[in-house]
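# Residue-level structure breakdown
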Amino acid sequence: MPPRSRQPERRPVRPVTITAVVDPVAALSSENLDDNLYLYDTNKAAGSTGFGTPALRSRVRKGDTLLWNVLPLECETYVALADIEIDPQIAEPTRKVYPGTDIVFWTAEVKQDLTEPIPYRLSFLLGIVNTPFTPTARPTLAGPAAEGKEGR
Amino acid sequence: MAQQHGIIVLFDVENALRTRSLDGNTYWFDNMKFLGSAGVGTEELVTIVPGTYFLDGSQATEQVLNWLPAALGSIPPTVPRNYLAEQARAADRRALEELASFNAEGGATEAEVKQLQQRVSKRARKPVGGRGLTPTKLLDVTGKATSSPDAYNYPAPVITDITGQAVTEKIIYPAQYGSPDMIYDGWYWAATVDTSRPGVYPYTVHVQLHELVERNDELVWESVDLTCESSLKITSDPKRNGFTGAGLGVLPLPPVPAAG
Amino acid sequence: MKDRVSIVVMVDAVGALSERTLHNGNLSLVDDSTAGSQHQGTPDLVTAVVPGQVVQWTPIHIDVQTPVEIQAIEFLSGLPVPSPADLAAAYPAESAVPVPGAVPPYPVEPAVLAAGAVPTGVDATSSNGHENHDLLVWEGVVPYDMTPGVPYRYRLSLKLHEGPNSVLHIDSPALLRV
């Protein structure tokens, strides 16, 4: 158990969920995933920004559990997160499925406090195309220090 | 045939329960951006409804709107609704099996029993009277049974009504419909649209969120009723013949058809 | 004889967009002609028609929330296509309205319009500044000079949503005068 002096704030038990809302039909027909990708997370109160864009900046701290999932705008069309590429010293996301389904989600623990924003790359499987699609813009993970504020 | 319009409303449930408001906690989507919807992915969506009429003035294409609510930070609505019940049952089965194995081994240690209790997880009771959820196990956001009331999966927000100018002026006729589709869990809101009066019409969606609250040493689901707004932009254009650009004509066959 | 023959165009939009083809089971054509059509349910449908009938094409999509519209229907010619100037000399058009990208205009019966409506040269798919192909009705009358027993193949182009990958076509279906 970490010493109290290093963890003054109670860490949330609930993971920080990052949800990617995707319009797969529009992305397939226009070949433009960036225009049809909207990212959100559950940490707005802690200072996450960039909601509704492919360049979400999530405010996280060491020890937070992150969970990535996907919401397709056409509910019957398949969209899944194929991969998450991020510096393994920051996090090592693992692919899971909701038990008993083939619906994918990814989880990772934030291994360090972040002194500067860390961009990462998401790639998606859309429809029945075998090759994943990757947006151009990158989301980031950021710590309190990046905003110039001291964590309480 | 024009498509049906899917309007997805994503609620930041945790913050909405904290502030008791959907302002700043609601994100709207539809799949009509390419036909002129504005504000997709934001709090200010204007959904385009491109109506068409025949040259005799009667409404041509029927436009249908469907609403799907979702909770940010929850198990996505693509996971079938009976999934939660299935998971709960599966957890119970495993617990029963373990219990049976304890008996076979001639009793269990206190630690093992405690572990089993955690596996079985807490149950939350529905409030007496009124709308509420049936007594269910708590699941966490990865679909596993949990005993921690701090990390439970928010139940899906429920749309209870659609009102506002678009309804009072009879631009849309919303109603709940039954569906065998597991994603909608049997009920969903849909509306047909009268596209004969172009214009921008706001409407209000009434949403019920559920919060887990501890009362008298037990966990109870309590409902929280909130509202959020959006608008429809109705346009109407005449149907024209694809071959002639105007009315019915002769098929433009070539003098000599291509060799088959 | 039926007044009207309906050809239903059924598309699996996600399959078609993913595989970038209308083949592989992504497209099915079905008609309700009683005169002996062939290859029902495939992209090779040959619809049996009789002069004077109205033939109408209607798109239907498997997933009701994905957009499928007919972009164009162009009958394929066995002869080099005459220039618009030649046609204008041969067929003086009275009220024909040019449709962008389609076969050169043929003379049409004057349409019965709602009071006050005027056929304009504006792009018929224009709606609120966007292209909306749902505005087009694809129907026409089978002409009396159609050669019997010879399939008239046509290129059916479908628009699935918008953008560079959105238009797909097949050249295999045909009309056949019995």
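Residues numbered from 1 in each chain as written. Chains lettered and ligands numbered in written order. Predicted model: local features only at pLDDT ≥ 70, side-chain atom pairs only at ≥ 80, totals over all residues.

### Notes on unusual backbone geometry
- Phi is positive for A:Glu31, close to 55°, though the residue is something other than glycine.
- Positive phi, normally seen in glycine, also occurs at C:His39, with a value near 65°.
- Note on C:His39: 15 C-beta atoms within 10 Å, which makes it partly exposed. (Buried ≥ 20, exposed ≤ 12 C-beta atoms within 10 Å, placed from the backbone.)

### Things to note about the interface of chain B and chain A
- Of the residues lining the interface, 32 residues belong to chain B; the matching set on chain A comes to 29 residues.
- Elements supplying a minimum of two residues to the side of chain B that touches chain A: strand 1 (5-11), helix 1 (13-19), strand 2 (26-30), strand 4 (64-71) and helix 2 (82-105) of chain B.
- Each residue belonging to the side of chain B that touches chain A can be placed in one class, and the counts come to 16 nonpolar, eleven polar and five charged. (Contact = placed C-beta atoms within 7 Å. Helix = DSSP H or I, 4+ residues; strand = E, 2+ residues; numbered from the N terminus. Nonpolar A, V, L, I, M, F, W, Y, C, P; charged D, E, K, R; others polar.)

### Looking at the sheet that holds strand 4 (residues 65-72) of chain A
All names here are of chain A.
- Pairing in this open sheet of five strands is mixed, and the strands run 2-1-4-7-6 from one edge to the other. A strand with exactly one partner marks an edge of an open sheet, and here the two such strands are strand 2 (37-41) and strand 6 (94-97). Neighbour-to-neighbour, the strand axes of the sheet open up by a mean angle of 25°, direction not taken into account.
- The pairing of strand 4 with strand 7 (residues 104-109) spans four bridges and is antiparallel. Among the inter-strand pairings, Thr65 is bridged to a residue of strand 7, identified as Glu109. (Pairing = 2+ DSSP bridges. Axes fitted to C-alpha atoms, helices over the stretch in contact; angles between N-to-C directions.)

### Examining the pairing of strand 4 of chain B
All names here are of chain B.
- Taken across its eight residues, strand 4 has seven buried, putting it largely inside the fold.
- Here strand 1 runs beside strand 4; their pairing, made up of seven bridges, is parallel. Considered in strand 4, the bridge of His5 is made with Leu65.
- For strand 4 and strand 9 (residues 187-193), the ladder comprises four bridges, and the chain directions are antiparallel. Pairing of Val64 across the sheet is with Thr192, part of strand 9.

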